[in-house]
Amino acid sequence: MSPDTAAAVALPLYAVGCAVIFGWRSWQQRRGTGSAGFRGISGAPGSAPWWGGVLFVVALVLAALAPVLELTGDVTLAVATWVPIVGLAVTVASFAGVVLSQSAMGRSWRIGVDAHERTDLVTGGVFALVRNPIFTAMVTALTGLALMVPSALSVLAVVALVTAVQLQVRAVEEPYLLSTHDQRYAHYAARVGRFVPAVGRLRPHVPEERTA
């Protein structure tokens, strides 16, 4: 697959993927619950949660710019012709994984966190393998796009997204879930990996013994 062809395929694929995982899913959520599920960026400007939200947006923009710039000028790195084909397969499979993981969350699906809101803790299905399968699939999707359109921008998009989800999960979602679901989430996180199976499990909390 030539660089121009790969970029011409990557751009509409990315547009459709974003429309489905953000637009269509939000519409489905509003239809089923009365709320689109969008909670916005958490934290004060400059804080870790805030940077997580900002970098998430930056990653999405960079991922879109990479194929656009390739179509307007030769900016991709030289790779074997089979690399974009592998990237296409990875991207399609990963977008499907995002949609399936979102569906598995049901009414608990949200974009962002409202600290005053309580949602059900989902631990079954793909969530029995990893605690954050949506983020895992998103990172994999952008990695696939980077293989389709290998450039500095597409690589930066992956780096920005990885940083964003690490900040979002560690600084926002895990503290919220521990506060909301306490030991139930603590035990779940102690046996299930954060983004990949068996990696990033939290140590179970052991209450300190009181002394007389």
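Parameters and conventions
- Residues numbered from 1 in each chain as written.
- Predicted model: local features only at pLDDT ≥ 70, side-chain atom pairs only at ≥ 80, totals over all residues.
- Heavy atoms only, no water.
- 1 Å grid on protein atoms, 1.4 Å probe; cavity = no way out; pocket = protein on both sides within 12 Å on 5 of 7 lines; lining within 4 Å.
- Points joined across faces, edges and corners; volume = space filled by probe spheres on them.
- Helix = DSSP H or I, 4+ residues; strand = E, 2+ residues; numbered from the N terminus.
- Nonpolar A, V, L, I, M, F, W, Y, C, P; charged D, E, K, R; others polar.
- Phe/Tyr/Trp six-rings, centres within 6.5 Å; stacked < 30°, edge-to-face > 60°.
- Core = buried A, V, L, I, M, F, W, Y, C linked by side-chain atoms within 4.5 Å.
- Buried < 20%, exposed > 50% of the residue type's maximum accessible area, 1.4 Å probe, protein only.
- Contact = heavy atoms within 4.5 Å.

Taking an unreviewed UniProt entry as the reference, the protein is identified by name as Isoprenylcysteine carboxyl methyltransferase belonging to Cellulomonas persica.

Further remarks concern the layout of surface pockets. In this structure, the largest pocket spans a volume of roughly 830 Å³. Around the largest pocket sit 41 residues that line it, and Arg 110, Ile 111, Gly 112, Phe 135 and Glu 173 are the ones nearest its centre. Secondary structure elements with two or more residues in the lining of the largest pocket: α2 (48-72), α3 (82-105), α4 (133-148) and α5 (152-191). A total of nine residues in the lining of the largest pocket trace back to one element, the largest contributor, which is α5. In the lining of the largest pocket, the residues fall into 24 nonpolar, 10 polar and seven charged.

Going through the model one piece at a time under the given rule, you end up with three aromatic pairs. For the pair Trp 50 and Trp 51, a centre-to-centre distance of 4.9 Å together with 80° between the ring planes defines the contact as edge-to-face.

Another point: the nonpolar core. Ranked by size, the top nonpolar core spans 35 residues in total, and within it Tyr 14, Phe 56, Phe 135, Met 138, Leu 142 and Leu 161 carry the most contacts. The biggest single contributor to this core is α4, with 10 residues. Excluding residues that lie within four positions of it along the chain, Phe 135 makes contacts with Phe 56, Val 165, Gln 168, Val 169, Glu 173 and Phe 195. Counting residues in hydrophobic clusters, the runner-up holds 11 residues, among them Leu 121, Val 172, Leu 177 and Ala 189.

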